Amino acid sequence: MKIENDGRRTQQEKILKYKDCFYRGDHLCRRTYLQGEPGSGKTSFAAKLVDDWCNVHESSNESTQKQKAFVDVDTLHKFKFLFFISLRDSREQTDVTHMIQTQLIYKIYAADEWESAYYLVLKIMRNVMYLVVQDGLDEWSGIEALPSMNGIPKDHCIVLTTSRPWKLADERIKNSQIDILLEVYGIIDSYGFSKRILRHLLDETKDLNETVEQFQIFLTSRDLDWISSSPMLHTLVLCTWVDDMAESLTGSSRCELFTTLLENLCKKANPQTSYFDQCYPSPVNCFSRTKYVKPNMEHIDVIAKAAFSFLFSNEKETSLVFSDINLSAHLSESTKQFALHSGLISKRKSKKCYDNTSSFVHKTVQEFFAALHISNNTDVIDNVICKYLKSNSDSYLDISQVLIFLCGFNILAANKLSALMHHFNDVRHGFIHYVFQSVRHRFDHSGFQSVILSGYREAVANKNTPIDLHLSHFKVRPYIAEDLINIFALNAPRARSLHVSRVINSPVIIRSQDASTYLCQGPTPVSLAACDYADPSTRAKQKEVRLSASCLEIDLSACHNLEQLKLEGDITVLPNALAGLKKLKYLTMDSSCKCEALDMSHYEHIEQLELKGDITVLPNALASLKKLKYLTMDIGCKCEALDMSHCEHIESIKLGEGVTLLPHSIIHYKNLKCIKIRTAYKELDLSMFEDLKYIIISTNVEVLPKQLLTHNNQKLNFIGLHGFDFNSCDRKAMHTWCLLNGADPVLCADYTPVLPSIQRIQLVGVTCSSTWLRSLLTTLLTLNHSVECFLVDCDITSLDHVKTRVQPILSSSPISELDGRGIEVTITTDLNNTCEFRCFDDSPGLWETLLGLGVNNLSILGDVSTLAVGHGSSLSRSLATLSQLKTLTMHVFDYTDLQLPLSLKHLTVFFDALAPSELRHLVNKLSAWTHSLECRLSFCCCSDPPVIIPPEEYILIQQELECLQHVDVKRFRIYNWIPFTCKWSERDIVVNDGDHGDAIVDDELFEVLDDFYESSGLSLISMRLKINCV
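These numbers were taken from a predicted model, which means no experiment stands behind them.

Caption draft 1: Representation of the overall build of the protein chain in the model. The helix and strand tally for the protein chain stands at 26 helices and 48 strands. Summarising the internal contacts of the protein chain: among those between residues at least 6 apart in sequence, 59% fall at separations of at least 24. By element, 51% of the accessible surface of the protein chain is carried by carbon and sulfur atoms, the whole surface being about 44700 Å².

Caption draft 2: Summary view of empty space enclosed by the protein. Enumeration according to the criterion identifies 1 cavity of 30 Å³ or more in this entry. Looking at the largest cavity, its volume works out to about 160 Å³. If you go around the largest cavity, you meet 14 residues; those closest to its centre are Y895, T896, L898, V909 and L922. Tallied by class, residues from the lining of the largest cavity come to 10 nonpolar, 1 polar and 3 charged.

Caption draft 3: Here's a closer look at unusual backbone geometry. The omega angle of the peptide bond from T465 to P466 is -5°, so this bond is cis rather than trans. The phi angle at K463 is positive, at roughly 55°, despite the residue not being glycine. Given a relative accessible area of 74%, K463 falls into the exposed group. Although it is not a glycine, N1028 adopts a positive phi angle of roughly 60°.

Caption draft 4: Local environment of the nonpolar core. F369, L684 and L858 are the most contacted members of the largest nonpolar core, which totals 247 residues. Among the elements that line this core, the one with the most residues is helix 10 (residues 297-311), at 9 residues. Among all residues touching L684, those that are not within four sequence positions of it are I666, I675, F689, I695, I697, V701, E702, V703 and L704.

Caption draft 5: Molecular detail of the side chain of T829. Its place among the elements puts T829 in strand 38 (residues 825-830). Overall, T829 belongs to the buried group, its relative accessible area being 0%. With sequence-adjacent residues up to four places away left out, T829 is seen in contact with L777, L780, L781, H785, S786, V787, T834 and C835.

Caption draft 6: The arrangement of the packing of helix 3 (residues 96-108) against helix 4 (residues 114-127) in detail. Closest axis-to-axis distance for the helix 3/helix 4 pair is 11 Å, and the angle between their directions is 120°. Considered as vectors, helix 3 and helix 4 are oriented oblique to each other. Judged by the twist between their axes, the crossing of helix 3 over helix 4 is right-handed. Residues T97, I100, Q101, I105 and Y106 of helix 3 form the contact with helix 4, whose participating residues are W114, A117, Y118, V121 and M125. Residues belonging to the contact of helix 3 with helix 4 are distributed by class as follows: 8 nonpolar, 2 polar and no charged.

Caption draft 7: Seen up close, the packing of aromatic side chains. Taken as a whole, this structure holds 30 aromatic pairs when the rule is applied. Ring plane angle 80° and centroid distance 5.2 Å describe the contact between F312 and Y388, whose orientation is recorded as edge-to-face. You can see F312 sitting in the loop between helix 10 and strand 10 (322-323) and its partner Y388 sitting in helix 14 (residues 380-391), a full 76 residues away along the chain. Across the pair, exposure class does not vary: F312 and Y388 are buried alike. The lysine or arginine in question, K19, covers the ring of Y23, its NZ or CZ lying 5.9 Å from the ring centre.

Caption draft 8: Examining the sheet that holds strand 10 more closely. In spatial order, the strands read 10-12-11; together these 3 strands make up an open sheet with antiparallel pairing. Across the chains shown, the open sheet's two edge strands, defined by having one partner strand only, are strand 10 and strand 11 (345-348). In terms of strand pairing, strand 11 meets strand 12 (residues 357-360) through 4 bridges, oriented antiparallel. Bridging from a neighbouring strand, I345 pairs with F360 of strand 12.

Caption draft 9: A look at helix 13 (residues 363-376). Taking 1.5 Å of rise per residue, the 14 residues of helix 13 would be expected to cover 20 Å, and the 20 Å separating its terminal C-alpha atoms lies within 8% of that figure. With 13 of 14 residues buried, helix 13 is to be regarded as a mostly interior element.

Caption draft 10: Main features of the pattern of salt bridges. Under the defined criterion, the tally for this structure stands at 35 salt bridges. A network of salt bridges, in which partner residues are shared, links D138, R164, K363, E367 and D398.

Caption draft 11: How the structure looks around the environment of D277. You can see D277 is positioned in the loop between helix 9 (254-269) and helix 10. Among the residues examined, D277 registers a relative accessible area of 38% and is labelled partly exposed. On a C-alpha basis, the gap between D277 and R289 in space is 9.9 Å, while along the polypeptide they are 12 residues apart. A polar side-chain atom of D277 sits 3.0 Å from the main-chain amide nitrogen of C279.

Caption draft 12: Examining the pairing of strand 20 (residues 564-567) more closely. Burial along strand 20 is two-sided: Q564 and K566 facing one way and L565 and L567 facing the other are all buried. Pairing analysis gives 4 bridges linking strand 16 (residues 497-500) to strand 20, with the strands arranged parallel. Across the sheet, the residue bridging to L498 is L565, located in strand 20. Sheet topology places strand 20 next to strand 22 (residues 586-598); 4 bridges connect them, and they run parallel.

Caption draft 13: Expanded view of the sheet that holds strand 7 (residues 130-135). Within the open sheet, the 5 strands sit side by side as 6-7-8-5-9. Their pairing is parallel. Only two strands of the sheet have a single neighbouring strand rather than two, namely strand 6 (81-86) and strand 9 (180-183). In this sheet, adjacent strand axes meet at a mean angle of 15° when their direction is disregarded. Here strand 6 runs beside strand 7; their pairing, made up of 6 bridges, is parallel. Bridge assignment links F83 to a residue of strand 7, and that residue is V132. In this fold helix 2 (residues 42-57) packs onto strand 5 (31-35), strand 6, strand 7 and strand 8 (157-163), with an angle of close to 155° to the strand it touches most, strand 6.

Caption draft 14: Quick look at helix 8 (residues 231-242). Taking 1.5 Å of rise per residue, the 12 residues of helix 8 would be expected to cover 16 Å, and the 16 Å separating its terminal C-alpha atoms lies within 8% of that figure. Tucked into the core, helix 8 has its buried residues touching helix 6 (190-201), helix 7 (208-221) and helix 9. Positive backbone phi, at 60°, marks D244, one or two positions downstream of helix 8.

Caption draft 15: A look at the packing of helix 10 against helix 12 (residues 333-342). Closest axis-to-axis distance for the helix 10/helix 12 pair is 10 Å, and the angle between their directions is 90°. On the basis of their axis angle, the class for helix 10 and helix 12 is roughly perpendicular. Contacts between helix 10 and helix 12 involve H299, V302 and I303 on the former and, on the latter, S334, T335, F338 and A339. Taken together, the residues that form the contact of helix 10 with helix 12 break down as 4 nonpolar, 3 polar and no charged.

Caption draft 16: Focus on the environment of F338. For F338, the location among the structural elements is in helix 12. On a C-alpha basis, the gap between F338 and N270 in space is 8.2 Å, while along the polypeptide they are 68 residues apart. Here F338 is in contact with C266, A269, N296, H299, I303 and L344, once residues within four sequence places are set aside.

Caption draft 17: Focus on the confidence of the model for the protein chain. For the protein chain, the average pLDDT comes to 83, and 84% of its residues sit at 70 or higher. In the model, residues 514-542 has pLDDT below 50 throughout and makes 47 contacts with residues more than four positions away in sequence or in other chains. In the predicted structure, residues 999-1012 sits below a pLDDT of 50 and forms 29 contacts with residues beyond four places in sequence or in another chain.

Caption draft 18: Region of the structure containing the state of the cysteines. As enumerated under the stated definition, the model contains 0 disulfides in all. Of all cysteine sulfurs in the structure, the one in C835 sits closest to C839, which takes part in no disulfide; the separation is 9.8 Å. There is no disulfide at C935, and the cysteine sulfur nearest it, in C1029, is 8.5 Å away. According to the relative accessible area criterion, C935 is buried, its value standing at 0%.

Caption draft 19: Highlighting the environment of G151. Secondary-structure assignment places G151 in the loop between strand 7 and strand 8. Given the relative accessible area of 55%, G151 is considered exposed. Once you skip the residues sitting within four places of it in the chain, G151 turns out to touch T97 and L122.

Calculation criteria
- Residues numbered from 1 in each chain as written.
- Predicted model: local features only at pLDDT ≥ 70, side-chain atom pairs only at ≥ 80, totals over all residues.
- Heavy atoms only, no water.
- Helix = DSSP H or I, 4+ residues; strand = E, 2+ residues; numbered from the N terminus.
- Contact = heavy atoms within 4.5 Å.
- Areas by Shrake-Rupley, 256 points an atom, 1.4 Å probe, with all protein chains shown as cover.
- 1 Å grid on protein atoms, 1.4 Å probe; cavity = no way out; pocket = protein on both sides within 12 Å on 5 of 7 lines; lining within 4 Å.
- Points joined across faces, edges and corners; volume = space filled by probe spheres on them.
- Nonpolar A, V, L, I, M, F, W, Y, C, P; charged D, E, K, R; others polar.
- Buried < 20%, exposed > 50% of the residue type's maximum accessible area, 1.4 Å probe, protein only.
- Core = buried A, V, L, I, M, F, W, Y, C linked by side-chain atoms within 4.5 Å.
- Axes fitted to C-alpha atoms, helices over the stretch in contact; angles between N-to-C directions.
- Parallel < 35°, antiparallel > 145°, perpendicular 65-115°, else oblique.
- Left-handed = near helix turned anticlockwise from the far one by under 90°.
- Phe/Tyr/Trp six-rings, centres within 6.5 Å; stacked < 30°, edge-to-face > 60°.
- Lys NZ or Arg CZ within 6 Å of the ring centre and 35° of its normal.
- Pairing = 2+ DSSP bridges.
- Expected span 1.5 Å × (residues − 1).
- Salt bridge = Lys/Arg side-chain N within 4 Å of Asp/Glu carboxyl O.
- Polar contact = N/O pair within 3.5 Å; in protein donor to acceptor, adjacent residues only side chain to side chain.
- pLDDT = per-residue confidence, 0-100.
- Disulfide = S-S within 2.5 Å.

Below you can see the structure in the form of structure tokens.
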């Protein structure tokens, strides 16, 4: 999984090798986390890894025979020692060193050897590479987020930790602490997994392959293919099927599956049969068809109470693993023997009898029994669970599986428990909102939403009604839309945020109760299965959502507590659809949304309004929005004569060309920090703004001849101009530029002023001369900090008055202000007279900006990959005039003969393609240099058009250089490209300087190669030369 910059964790490619668990490329990472839902195979994977490690060190390949994944066991050979720690068995301990002592040393060595064994372990850790496997972080109850590694030498320590996802969502576990994040999704090969298990269950009279086929057919016929996501459930169903006890299995109910497990285990301990009836009714619906449960019901009730008591104990260290003494306090001897004999509880012996511990066979089994106890004793929700969550407010997600099972047992109790958990979710995390310049303050509520969604499905699978599971934050995404909107219908009055994603598969209509649905053509809307109850109050909620074959309708008229609404995709908002949202604070509609006559005048709590789409806003829509702070109306949004005069607390204004403003709309805003106006506005008075940090205006804006407030000169850090012509005779562009930069236009004839606080400049569709751009760079080089200047779709006039357009392209740079348009040229200035050009293409006008520029360090690079220099003569003439240039770095596609300034001391050039003849021409030219010069050259051994050239043809040139007395060849390394890995591998070192710090193989510029290189035997050479250096 990939951790995004905003903290989101997104799924990437599937991995099937141990190397991918511990390495990024050739770099060994120190902290790997494996997350997965209950029963998905986290512990199984950890156990397989340990087994494979043991076999590797015993020179055995037994464990990987006939396997399709994770067969690269040689990767594990790097770890000379492995320490496996079950965190559930050390819940009371905080240090990994203590866990190693109690779980490993104390069990392997005699008491008089413990101390020496511990020192031996520490000595091992200091001298060899070792792996620590921490299994079950979510089952560990430490105060800190992670066990402490204090006392462990970290130079050789690699740690693999398994956990349920909710635990890794703990904000105390920083993304920077996770080097690799993996997620296990269950069984790769369902057929092979079944076959391996059946091999141990069947006698010789049955054909193994035929039996596996029959089981696969059974899974499909009962709609149970999904269980491959859980090795535990897959094994359970398989064993049940072998015992001819799987006839009752249908659908996707977890309660049903675990009831089947319970039935099997009861049969093992007590084969007596009996059915529930009217005289002795089943305590839960899923027990009603069992025949081995009723005779053992007395034991089951006691075990369920014990499971609940342990799980909700404030003594977390004993909630999953408990001593014989604690177990005996809850279970009689006969019940204990039943639990052990059936296999519900497992016992682990210690060298000392009083240290023996017990636990349920799996945490999920304990959660199943705890839910059963709650179902039959609902008072514990108020008397026990409520107090437990008050003392352990972060634990509400830890009992998620209990809630899901309870939805299958007792929906009324589940409704009550969900309300309690919902309260702690809101108290703990608040809700998502988006603020100025897209800085995101959020907590992802998808974890709790997933719990409620699973609980809803469990209730539906067991036909339990009425469902009233509490949820107030909704994010409608693919694959979950249908069930989630049903849950939304049940929760409309308590909904606080609704995010309908652009990836939903059908058009969406947002309406109010009395709005017309004429836009939704198709069959009559169907009733919601989950809402088809006898309870009138629940049935009435069907009006909140209508789902048909052609569209989805969502009625917001009952959402009186909705505070955030974010709409993305093909969504139509009907007139007055938002009329009842009196508490709405944040409204976002993206560029694919549609709405006519949007009136926001009654929403006095609105703080952020972002409208980007086919949206028409009424002129007085903002009249009563006195709390409005962030306003965006752009990309298709239209409004005639918008009145903003009442928005006294506004901090950000972004208006597109489709919006027109009333005169004097933008007045004295004390809090205004950001303004972006591309619409016509005649009277922009900069002297009104006291706290402005960001401004973008188009040529449609007329700036009054009033300068920024003096103290504001130290705050404004972003200036953007769209469509201005600095070559125009009316000098409007220069006049505006001077005013934005706090200067008097009359006094700026000979230079281009820049505010000392400026950090970023954006020029879009601007026409200017190379002379003006050079003047701007000259001023920027005098500042004591870095400044980025973006040029998009600009015309740069060269000295011969020829315009050369800087065309826009798509860029990977996350510059939200560009509204999706590409960045063609990025010029960055920095301290020590440093300047960097990142270009997609070049032009004479662009290179003329360098003429005589007082720059010491210059880099010329490609914007996305390499730069193909098309105007080498212009670049060469400009470089020759840089009399102060000391360092030049270039990344170009192929060779261009350039004239270098005599002041140059360091030259670094990366070529995507360089033929031997071109290299010879280059080094001959450099060898003729009369001053001292250090050169670093890296290039792919090929020509343009691409023809692979053997590196041996370049070695001849290196040998010629070795014969020159004033040239010292410090490095000549050859690398081979490894296909499909995006990595270079060192092949030969002809000359080695011992310095790998600037090796081109580590540079991001050579990570992307085209399909031709991907499949070929391409080589790369890295050279370092010293010329006339004493």
